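# Structure assessment
The chain contents come next:
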Amino acid sequence: KLTSLALQPVITPELVQGRVHLKCTFSRPSSKVPLQYMVVWSRLSTPGKKEQIQRDTTLQSFSYVEMNGVNLKLGDTVFCIVTAFTRDTLEQQSLPEESKGFYAGIKFLPESLQIAEDGKEHVLTVLSTVPIACPGHIDSCKITLQLSTEDLGKNSQLLGPPNIALSACQVDLLRVPCSESSCAAAALTVTAVTDFAQDGNRISRIRAEPVGWRDLLWRAYTPKDVKVTVRDLPTGNCYSFTDPHIITFDGWRYDNYKIGTFLLCRSMSRVFEVHVRQWDCGGHRSATACNCGVAAR
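Parameters at a glance
Note that residues are indexed from 1 along each chain, following the sequence as it is written. Only residues with pLDDT of at least 70 are given local features in this predicted model, and only at 80 or more are side-chain atom pairs given and counted; all residues enter the totals for whole chains, interfaces and linings. To obtain the side-chain values, all non-hydrogen atoms of the structure were used and water was disregarded. Note on conventions: DSSP H or I runs of at least 4 residues are helices, E runs of at least 2 residues are strands, and numbering of each starts at the N terminus. The atom set for the radius of gyration is the C-alpha atoms, and the globule formula is 2.2 Å times the number of residues raised to the power 0.38. For the exposure calls, accessible area comes from a 1.4 Å probe over protein chains only, and a residue counts as buried if that area is under 20% of its type's maximum, exposed if over 50%, partly exposed in between. Two residues qualify as a contact provided that any one of their heavy atoms is within 4.5 Å of a heavy atom in the partner residue. Each accessible area value is a Shrake-Rupley result obtained with a 1.4 Å probe; residue values ignore everything except the protein chains displayed when judging cover. Within this scheme, the nonpolar core is defined by two criteria: the residues are buried Ala, Val, Leu, Ile, Met, Phe, Trp, Tyr or Cys, and they are joined through side-chain atoms within 4.5 Å. Following DSSP output, two strands are said to pair if at least two bridges run between them. Axis geometry follows a simple rule: fit a line to the C-alpha atoms, using only the stretch in contact for helices, then measure angles between N-to-C directions, giving values from 0 to 180 degrees. Any Phe, Tyr or Trp ring, taking Trp's six-membered ring, that has another such ring centre within 6.5 Å forms a pair; planes under 30 degrees apart are called stacked, those over 60 apart edge-to-face, and the others tilted. A ring has a charge above it when a Lys NZ or an Arg CZ is no more than 6 Å from the ring centre and no more than 35 degrees off the ring normal. Salt bridge criterion: a side-chain nitrogen from Lys or Arg within 4 Å of a carboxyl oxygen from Asp or Glu.

### With respect to the overall build of the protein
For the protein, the count of helices and strands is one helix and 23 strands. In terms of overall dimensions, the protein is more spread out than a globule: its C-alpha atoms have a radius of gyration of 30 Å, far above the 19 Å expected for 297 residues. Residues classed as buried in the protein amount to 37% of the 297 residues present. Contacts in the protein between residues at least 24 apart in sequence constitute 59% of all its contacts with a sequence separation of at least 6. Roughly 17900 Å² of accessible area belongs to the protein as shown, and the carbon and sulfur atoms make up 51% of that amount.

What follows is the structure in structure tokens.
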């Protein structure tokens with residue numbers, strides 16, 4: 001048998017005649033005898049189990065497989081195994097070498113988020129690991145993803161009130177030359193909704209769905225959800241009631257009987273404040289003011 005030849009196969013995406021292909025490229029070793037190569041393509045069908053989808057014998061140092069949406073679909077993790085052997089006999093062959101798994105489809109980075117109800121924005125990057133093929137000569141070749149959220153209750157089974165907010169309801173992935181496992185990318189921000197309720201940590205999911213696309217490869221594809229864990233933070237309460245009595249966040253109590261518009265609360269860390277309007281509601285014997293309006297921003 002031939003010794004290990006350090007073929008080092010690598011899978012990269014490529015457009016071939018307007019169709020999405022994956023290319024398995026490997027090193028051509030120096031050898032005194034002429035070599036040819038057997039390339040076996042496989043996909044991860046279930047965790048830990050691979051399914052062969054194509055076998056090639058070639059004299060070149062590469063092999064292609066098409067992503068046709070049938071044998072090989074978006075969402076698949078693909079591998080190629082390369083074995084070198086002499087042209088005269090199959091008995092003299094090298095040890096097979098396998099590439100790293102290549103995930104073909106839409107990726108979110110990071111794949112999951114852990115955020116808190118503190119008003120901070122967290123960047124979520126959406127990218128396509130395969131090139132976007134468009135029919136004809138279209139200048140703005142893109143994939144549009146419709147984004148939605150699903151918020152689960154405390155037991156992660158029942159739907160709850162909105163728990164996260166996205167900066168965009170849809171994103172456009174514009175085709176660019178593939179580089180570093182990205183052929184198109186966009187970004188948005190995710191913020192936890194501050195609900196001022198002690199409801200514990202909650203789980204939300206972000207979903208993306210390609211829209212307005214007739215190509216079989218994309219039409220039958222739904223990317224993986226992004227899991228977002230929202231950490232609950234302690235909240236405080238302040239009150240203004242009756243004529244009016246005021247209780248501050250730290251428990252101080254006082255009264256304000258004056259008529260006018262007053263600043264009740266202002267955040268020192270973000271743009272948030274509450275104004276109250278107080279008006280005369282007393283009788284003939286005493287002048288008393290009551291809350292008659294509130295405005296918040």
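That covers the picture; the talk isn't over yet.
### What about the nonpolar core?
The nonpolar side chains of a soluble globular protein tend to be buried, and buried together. Ranked by size, the top nonpolar core spans 51 residues in total, and within it Leu 22, Trp 41, Met 67, Leu 173 and Trp 218 carry the most contacts. In terms of residue count, strand E15 (residues 184-192) provides more of this core than any other element does, five residues in total.

### Some words on the pairing of strand E9 (residues 106-109)
Of the two faces of E9, only one is covered, namely that formed by Ile 106 and Phe 108; the face formed by Lys 107 and Leu 109 stays uncovered. Inspection of the sheet shows E9 paired to strand E11 (residues 121-128) by four bridges, in the antiparallel sense. Each bridged residue has a counterpart across the sheet, and for Lys 107 the counterpart in E11 is Leu 127.

### Describing the sheet that holds E9
Strand order across the open sheet formed by four strands is E9-E11-E15-E13, with antiparallel pairing between neighbours. The sheet is open, and its two edges are formed by E9 and strand E13 (164-166), each paired on a single side. Strand after strand, the sheet turns through a mean of 30° between neighbouring axes, direction not considered. In terms of strand pairing, E11 meets E15 through eight bridges, oriented antiparallel. Across the sheet, residue Thr 125 finds its bridge partner in E15, namely Ala 187.

### What to know about the environment of Ser 30
Its location among the elements puts Ser 30 in the loop between strand E2 (19-25) and strand E3 (35-46). For Ser 30, a relative accessible area of 76% corresponds to the exposed category. Measuring from C-alpha to C-alpha, the distance between Ser 30 and Leu 5 comes to 8.9 Å, with 25 residues separating the pair along the chain.

### Side note on the packing of aromatic side chains
This structure, assessed with the given rule, holds three aromatic pairs. When the ring of Trp 218 is compared with that of Tyr 221, the centres are 6.0 Å apart and the planes differ by 70°; the resulting orientation is edge-to-face. Residues Trp 218 and Tyr 221 agree in their burial class; the two are buried. The positively charged end of Lys 23 is found above the aromatic ring belonging to Phe 62, 4.8 Å away from the centroid. The ring of Phe 79 carries the charged tip of Lys 50 above its face, separated from the ring centre by 4.0 Å.

### Regarding unusual backbone geometry
Comment: phi is negative for the bulk of residues other than glycine, and the bulk of peptide bonds are trans. Residue Pro 110 follows Leu 109 across a cis peptide bond; omega there is -5°. Tracing the sequence through the fold places Pro 110 in the loop between E9 and strand E10 (112-116). The phi torsion at Glu 180 lies on the positive side, around 50°, for a residue other than glycine. Note that Glu 180 resides in the loop between strand E14 (170-174) and E15.

### Points about the sheet that holds strand E19 (residues 245-247)
Spatially, the three strands line up as an open sheet ordered E18-E19-E20, and their pairing is antiparallel. Two strands lie at the open edges of the sheet, namely strand E18 (239-241) and strand E20 (253-255), each paired on one side alone. When strand polarity is set aside, the average angle formed by the axes of neighbouring strands in this sheet is 20°. When E19 meets E20, the two strands line up antiparallel, connected through three bridges. Looking at the pairing, Ile 247 lines up with Arg 253 of E20.

### A word on the pattern of salt bridges
Taken as a whole and assessed by the stated rule, the structure comprises nine salt bridges. A salt bridge links Asp 76 to Arg 43, with the nearest nitrogen and oxygen atoms 3.1 Å apart. With a gap of 33 residues between them, Asp 76 in the loop between strand E5 (62-66) and strand E6 (77-86) and Arg 43 in strand E3 connect regions that are remote in the sequence. Accessibility expressed as a relative area gives 7% for Asp 76, which makes it buried.

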